[in-house]
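Chain and residue survey
As a plain string of letters, each chain reads:
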Amino acid sequence: LAKRVEQLKAEQARRAKAAAAEEAAFSAEFLGAARRVFAMIDVDGSGTLTKDEIVKAVTSDKIVIQFLRSCGEANLQFLLQPARLGKALDVLDTSKDGELDIDE
């Protein structure tokens, strides 16, 4: 019984480690895609995005729209849904200054 308990603990630890690695890989992929679309939208190079810049890009910039559609990141693809866009931008704007910077 003790041996079986040890086996189960080892399996649980292995699964937790695998899940952590998978989450880290997902986070890195998401951040990479988020930084890429940020740079695509930040055409003036200011390092910040206004809500107007984001709305304009996701509604009329064909390159940004195509990237968002094909990036595979559901958390970025919501930018293409006008009904959710305003609320999402309010949540993302943690400094509440009306602009998003790369860290937000």
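Refer to the preceding data block for the structure.
A brief report on the enclosed structure follows. (Residues numbered from 1 in each chain as written. Predicted model: local features only at pLDDT ≥ 70, side-chain atom pairs only at ≥ 80, totals over all residues. Heavy atoms only, no water.)

The next subject is helix H5 (residues 82-92). Looking only at H5, the buried set comprises Leu85, Ala88 and Leu89. One side of H5 carries all its buried residues, which in axial view fall inside an arc of 100 degrees. When the buried face of H5 is taken as reference, the exposed residues oriented beyond 90 degrees from it are Ala83, Lys87 and Val91. (Buried < 20%, exposed > 50% of the residue type's maximum accessible area, 1.4 Å probe, protein only. Helix = DSSP H or I, 4+ residues; strand = E, 2+ residues; numbered from the N terminus. Arc of directions from axis to C-beta.)

To continue, consider the pattern of salt bridges. All told, the structure shown has three salt bridges when counted by the stated rule. Across the salt bridge formed by Glu11 and Arg14, the nearest N and O atoms sit 2.6 Å from each other. You can see Glu11 and its partner Arg14 sitting in helix H1 (residues 2-41), three residues apart, about one turn around the helix. Given a relative accessible area of 48%, Arg14 falls into the partly exposed group. A salt bridge links Arg15 to Glu11; its shortest N-O distance comes to 2.9 Å. Here Arg15 and its partner Glu11 are both found in helix H1, four residues apart, which amounts to about one turn of the helix. One salt-bridge network, in which partners are shared between bridges, spans Glu11, Arg14 and Arg15. (Salt bridge = Lys/Arg side-chain N within 4 Å of Asp/Glu carboxyl O.)

Keep in mind these numbers describe shape, not what the thing actually does.
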